[in-house]
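Tertiary structure, described
Listed here are the chains, written in short residue letters.
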Amino acid sequence: MSQYFENDDSIKSSPRSIEYDIFNRHFSLKTDLGVFSKNGIDEGTYAFLKVLIPLQLKGRILDVGCGYGALGLTLASFIPSSDFVLVDVNDRALNLASENIKRLNLRNVTCLRSDIYQNVEGQFDSIVINPPIRAGKKVIYQMFSGAYDYLVDGGSLFIVIRKSHGAFSARDYIESVFGNCTLLKRDKGYYIYQARK
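This section reports on the structure supplied with the text. Since the structure is predicted, the reported quantities are computational estimates derived from the model, not experimental observations.

1. Things to note about unusual backbone geometry
A positive phi angle, near 55 degrees, is found at Ile 116, a position not held by glycine. Within the secondary structure layout, Ile 116 lies in the loop between β5 (109-113) and β6 (124-129). The backbone of Lys 188 shows a phi angle near 50 degrees, a positive value even though the residue is not glycine. Tracing the backbone through its elements, the reader meets Lys 188 in the loop between β8 (182-187) and β9 (190-196). Using a relative accessible area of 74% as the deciding quantity, one classes Lys 188 as exposed.

If you want it as structure tokens, here you go:
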């Protein structure tokens, strides 16, 4: 069976719109079969956004494993002065993210097909990741460790992960790479961490 972090052209298409509200703003995004959380914004992303939006992240921001764009595009809507790059390995997810950029009339976002950091260029002030847990620890830990080289000095990695999906071991691993990993918020079993380079 195909996973949302893979490419599979054989998956049938059945697009739909999802709706959500956050900080008194309404969003409508297009989703489809074969992408993560196709039926609505997932609880982890929503908890993550509630922490990240008030931070008003500045500069260049990278969303790794962006899916149809719920995380990166919502942030970009709230922070029009920052530049966002959204990457994913799933072509359908990227096509949806591109359509959602147009839906939201965003001018500060670029989408890029990339297997983790493979096609990413330059450095970023912040990297945000809601990791694809089903891809396995090897893949998501590459996302975490690889972030270090793509951050400017003083830049930060932000992640959200459930306790039941290995939040504490992820924290320990990130701390071994960055030398620090701070818990910003615990929300219904989701842990939001920041590691500064």
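That covers the picture; the talk isn't over yet.
2. Here we look at the pairing of strand β1 (residues 16-22)
Every regular strand shows the same layout, with side chains that alternate between the two sheet faces. Looking at chain direction, β1 and strand β2 (residues 25-31) are connected through 7 bridges and run antiparallel. Bridge pairing in β2 links Ser 17 to Lys 30. What sits between β1 and β2 in their antiparallel hairpin is a turn of 2 residues, with Phe 23 showing a positive phi close to 45 degrees.

3. What about the packing of aromatic side chains?
Within a pair of aromatic rings, the relevant descriptors are the distance that separates the centres and the angle that separates the planes. In this structure the tally under the stated criterion is 9 aromatic pairs. When the ring of Tyr 141 is compared with that of Tyr 173, the centres are 4.3 Å apart and the planes differ by 20 degrees; the resulting orientation is stacked. Of this pair, Tyr 141 sits in helix α4 (residues 137-147) while Tyr 173 sits in helix α5 (residues 167-178), placing them 32 residues apart in sequence. Judged by centre distance (6.2 Å) and plane angle (25 degrees), the ring pair of Tyr 191 and Tyr 193 falls under stacked. For Tyr 191, a relative accessible area of 7% gives the class buried. Overall, Tyr 193 belongs to the buried group, its relative accessible area being 2%. Among the aromatic side chains, those forming a connected cluster through ring pairs are Tyr 20, Phe 23, Phe 27 and Phe 78. In this structure, Arg 60 packs its charged tip against the face of Phe 124, placed 4.1 Å from the ring centre. Its guanidinium or amino end placed over the ring of Tyr 148, Lys 197 lies 4.8 Å from that ring's centre, counting from NZ or CZ.

Calculation rules
Residues numbered from 1 in each chain as written. Predicted model: local features only at pLDDT ≥ 70, side-chain atom pairs only at ≥ 80, totals over all residues. Heavy atoms only, no water. Helix = DSSP H or I, 4+ residues; strand = E, 2+ residues; numbered from the N terminus. Buried < 20%, exposed > 50% of the residue type's maximum accessible area, 1.4 Å probe, protein only. Pairing = 2+ DSSP bridges. Phe/Tyr/Trp six-rings, centres within 6.5 Å; stacked < 30°, edge-to-face > 60°. Lys NZ or Arg CZ within 6 Å of the ring centre and 35° of its normal.

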